[in-house]
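For reference, the chains in residue letters:
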Amino acid sequence: MKKVNVPVDWVENLDPVQPGLYFVASRYKTGFGSYDYLNWDGENWLKADSIKVVGWVSLGDFLGLIDAGWPASDDSDKELEESSNKNKEKFKGDEGGFFEVK
């Protein structure tokens, strides 16, 4: 796998507004830093006291920067396409939406 530079617009010195899971840059007391995923409960990061969050971005924004494709061994896409084609008449007017076939 080739390493790719993903430019992230880090939010710094501000807390998130919404609770949820975020992609974060963390600094440890040892001086080392790392990337991680952390939950924000609306008031605090759910983390150890020794970790300082120095930047964050919403997980949705972060994942929007990545085009990872999909594992080739997953046949569900083929099954969904076959099912969709087979049941097209049942869902006229719903093109582009999600649907479930039982």
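The structure contained in this document is the topic of the report that follows. This is a predicted model, so every value here is computed, not measured.

1. Quick word on the packing of aromatic side chains
With the rule as written, the count across this model stands at 8 aromatic pairs. Note on Phe23 and Tyr37: the rings are 5.5 Å apart at their centroids and 55° apart in plane angle, and the pair reads as tilted. One end of the pair, Phe23, is in strand 1 (residues 20–28); the other, Tyr37, is in strand 2 (residues 33–40), with 14 residues separating them in the sequence. Look at Trp40 and Trp45: their rings are 5.1 Å apart centre to centre, the planes differ by 65°, and that puts the pair in the edge-to-face class. For the residue pair Trp40 and Trp45, the accessibility class agrees, reading buried in each case. What links up through ring pairs into an aromatic cluster is the set Trp10, Phe23, Tyr35, Tyr37 and Phe62.

2. Thoughts on the sheet that holds strand 1
Taken in spatial order, the 3 strands make up an open sheet running 2-1-3, and their pairing is antiparallel. Here the strands that pair on one side only, and so sit at the sheet edges, are strand 2 and strand 3 (51–58). Strand after strand, the sheet turns through a mean of 35° between neighbouring axes, direction not considered. One ladder, built from 7 bridges, connects strand 1 with strand 3; its direction is antiparallel. When the bridges of strand 3 are listed, Ala25 appears paired with Gly55.

3. Considering unusual backbone geometry
Excluding glycine, residues mostly have negative phi values, and the peptide bonds linking residues are mostly trans. For Asn13, which is not a glycine, the phi torsion comes out positive at approximately 65°. Here Asn13 lies in the segment before strand 1. Take Asn13: its relative accessible area is 81%, and that puts it in the exposed class.

4. Some remarks on the environment of Tyr37
Since its relative accessible area comes to 43%, Tyr37 is described here as partly exposed. Once you skip the residues sitting within four places of it in the chain, Tyr37 turns out to touch Leu21, Tyr22, Phe23, Leu59 and Phe62.

5. Things to note about the nonpolar core
Taken as a class, soluble globular proteins show a tendency for nonpolar side chains to be buried jointly. Counting residues in hydrophobic clusters, the biggest one holds 7 residues: Tyr22, Val24, Leu38, Trp40, Trp45, Val53 and Trp56. Contributing elements (two or more residues each) for this core: strand 1, strand 2 and strand 3. The contact partners of Trp40, leaving out residues within four places of it in the chain, are Asp15, Pro16, Gln18, Pro19, Gly20, Tyr22 and Trp45. By size, the runner-up hydrophobic cluster in this structure holds 5 residues, among which are Val8, Phe23, Val57 and Phe62.

6. Considering the pairing of strand 1
As paired strands, strand 1 and strand 2 are joined by 8 bridges and run antiparallel to one another. Residue pairing for strand 2: Val24 is matched across the bridge by Asp36. Here strand 1 folds back onto strand 2, and the loop between the two strands holds 4 residues, one of which, Gly31, carries a positive phi near 100°.

Reading the values: the criteria
- Residues numbered from 1 in each chain as written.
- Predicted model: local features only at pLDDT ≥ 70, side-chain atom pairs only at ≥ 80, totals over all residues.
- Heavy atoms only, no water.
- Phe/Tyr/Trp six-rings, centres within 6.5 Å; stacked < 30°, edge-to-face > 60°.
- Helix = DSSP H or I, 4+ residues; strand = E, 2+ residues; numbered from the N terminus.
- Buried < 20%, exposed > 50% of the residue type's maximum accessible area, 1.4 Å probe, protein only.
- Pairing = 2+ DSSP bridges.
- Axes fitted to C-alpha atoms, helices over the stretch in contact; angles between N-to-C directions.
- Contact = heavy atoms within 4.5 Å.
- Core = buried A, V, L, I, M, F, W, Y, C linked by side-chain atoms within 4.5 Å.

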